[in-house]
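# Observations on the model geometry
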Amino acid sequence: MTTRPLLRNAFCDSLGIEYPIFLAGMGVGGRATPPRLVAAVSQAGGCGVLGCSGLSPDETRRRIREVRALTDRPFGVDLLLPARIADAPDTRSGVRDEIRQRFPRHAAFVQTLIQRYELPAVEPADETVVNIEYAKSVLEVVFEERVPLFAAGLGDPEFLLPRARAQGMKLIGLSGSVRNAVRQRKSGVDAIVAQGTEAGGHTGTVASLPLIPQVVDAVSPTPVIAAGGIGDGRGIVAALALGAQAVWLGTAFLVADECELFDACKEQIVAADSEVFRISKVWTGKTVRALHGEISQAWAESGLPTLETPHQRILMEDFLSAALAAGRHDLFYNIAGQVGGMVKCRRPARDIMADLVSGAIDEIHRLQRDLRISLA
């Protein structure tokens, strides 16, 4: 008689994975969750998720196929599906000029930053406009490639249910509040990610410790996946104790060898304390948790209020394009969560996974011993 892995539960069985550990589908320009990292996490027994928001349909297809060439284990794709996706901003050059003229003080301050660091003046490339046509074209690729799991990083995936059910695709919704989690449950998703404010990127206002059990209670029996502030085995066990069926980890894998985040950004995370990962509107005009560096500090000292999205994001793209052209990756925005303070070295994803699993098992054994818990 074979023994089930200690961390494997019924939710793992439903997905065909060994451990209840997901690589979050982060969308930092396609660098955060490249195919090699996704495949490495899945190959190690977790479930890797490709962050494909903003990528073209052809590039999305290429990445899906690359994952499949590297592993035969389950994996997923994450896309943003905003409620008003058709209202997404145009980012053509003429629109950029209009915004620069409309907000001259802010545009001038961005130019001051470019000059301060002696960066070249570079016109940002026109971006993919994330509208309903774009979303449909990428989703068509996801369905055609028969991806096992789809995560809606933003928005309601309810309209995907009939087709997903027909081909056995699992749907996951993400939420930073109990209210949104209930909405996701009503839409019929297979699982809900409850993301605490400690997480990196666009995040809500409620911390993981109070959010996760409230979401668990509100959406039962829909499985809950815990996100935000989890970076080792102890965090995994804590999330499971709160009623979650799995964990959704991003920052812990940003320093993986397979992650294509800039080396300078990885080194910043390794060297940082949790206090420097702060919520700010500097980079996009929306609240984003990222490492508080020189540029964030410069904005704070400027006295200028940040603009709403998309205006702030479009103006900051002038600076980001200049920094990239100069190879000043240390000045680039570094989106990560507070658990970055726990990340102390760079290493392969398989080693990160091994430590997460062994750390969780060790913690369960410690609790058995110290609390005299019997699992018989």
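Here the structure is shown first, and the text comes after it.
Now for a description of the structure that goes with this document. Keep in mind the model is a prediction, meaning the values are calculated, not measured.

Turning to the overall build of the protein chain, a few remarks are in order. Helix and strand content of the protein chain: 15 helices and 11 strands. At 21 Å, the protein chain has a C-alpha radius of gyration in line with the 21 Å of a compact globule built from 376 residues. Overall, the protein chain is about 70 × 45 × 40 Å in size when its C-alpha atoms are taken along their principal axes. Every one of the 376 residues in the protein chain was classed for burial, and the buried ones make up 52%. For the protein chain, contacts bridging at least 24 residues in sequence account for 70% of all contacts bridging at least 6. As displayed, the protein chain offers around 16600 Å² of accessible surface, 52% of which is attributable to carbon and sulfur atoms.

As enumerated under the stated definition, the model contains 25 salt bridges in all. Linking E59 and R63 is a salt bridge whose minimum nitrogen-to-oxygen distance equals 2.7 Å. You can see E59 and its partner R63 sitting in helix α3 (residues 57-70), 4 residues apart, about one turn around the helix. Taking relative accessible area as the criterion, R63 reaches 9% and is therefore assigned buried. Measuring nitrogen to oxygen at the nearest pair gives 2.8 Å for the salt bridge that ties R328 to D330.

With that settled, consider the packing of helix α8 (residues 178-187) against helix α9 (residues 208-219). It is the contact of α8 with α9, at a shortest axis distance of 9 Å, that shows an interaxial angle of 35°. The interaxial crossing formed by α8 with α9 has right-handed handedness. Residues V178, A181, V182 and R185 of α8 pack against L211, Q214, V215, A218 and V219 of α9. The residue inventory of the contact of α8 with α9, partitioned by class, reads 7 nonpolar, 1 polar and 1 charged.

Counting 121 residues, the largest nonpolar core has F22, F150, I172, W248 and F319 as its most contacted members. The residues contacting I172, other than those within four sequence positions of it, are F22, L149, F150, A151, A152, A191, V193, I225 and W248.

Moving on to the sheet that holds strand β11 (residues 288-291). Pairing is antiparallel across the open sheet formed by 3 strands, whose spatial order is β7-β11-β10. The sheet is open, and its two borders are formed by β7 (201-202) and β10 (277-280), each paired with just one other strand.

Taking 1.5 Å per residue, 14 residues should reach 20 Å; α3 reaches 20 Å between its end C-alpha atoms and fits that length. Of all the residues in α3, the buried ones are T60, R63, I64 and V67. Seen from one end, α3 has its buried residues packed into an arc of 100°, which puts them on one side. Residues of α3 that are exposed and angled more than 90 degrees away from the buried face: D58 and A69. Those residues of α3 that are buried are in contact with α2 (35-43), β2 (48-51), β3 (75-80) and α6 (132-144).

The next thing to look at is the packing of helix α10 (residues 233-241) against helix α15 (residues 349-371). Working note: a packed helix pair is described by the angle between its axes plus the distance between those axes. In the contact formed by α10 and α15, the axes pass within 7 Å of each other and the chain directions differ by 60°. Classified by the angle between their axes, α10 and α15 sit oblique to one another. Relative to α15, α10 is oriented so that their crossing is right-handed. Contacts from G233, R234, I236 and V237 in α10 reach L356, G359, A360, E363, I364 and L367 in α15. Here the residues of the contact of α10 with α15 are counted per class, giving 6 nonpolar, 2 polar and 2 charged.

Reading the values: rules and limits
Residues numbered from 1 in each chain as written. Predicted model: local features only at pLDDT ≥ 70, side-chain atom pairs only at ≥ 80, totals over all residues. Heavy atoms only, no water. Helix = DSSP H or I, 4+ residues; strand = E, 2+ residues; numbered from the N terminus. Rg over C-alpha atoms; globule rule 2.2 N^0.38 Å. Buried < 20%, exposed > 50% of the residue type's maximum accessible area, 1.4 Å probe, protein only. Contact = heavy atoms within 4.5 Å. Areas by Shrake-Rupley, 256 points an atom, 1.4 Å probe, with all protein chains shown as cover. Salt bridge = Lys/Arg side-chain N within 4 Å of Asp/Glu carboxyl O. Axes fitted to C-alpha atoms, helices over the stretch in contact; angles between N-to-C directions. Left-handed = near helix turned anticlockwise from the far one by under 90°. Nonpolar A, V, L, I, M, F, W, Y, C, P; charged D, E, K, R; others polar. Core = buried A, V, L, I, M, F, W, Y, C linked by side-chain atoms within 4.5 Å. Pairing = 2+ DSSP bridges. Expected span 1.5 Å × (residues − 1). Arc of directions from axis to C-beta. Parallel < 35°, antiparallel > 145°, perpendicular 65-115°, else oblique.

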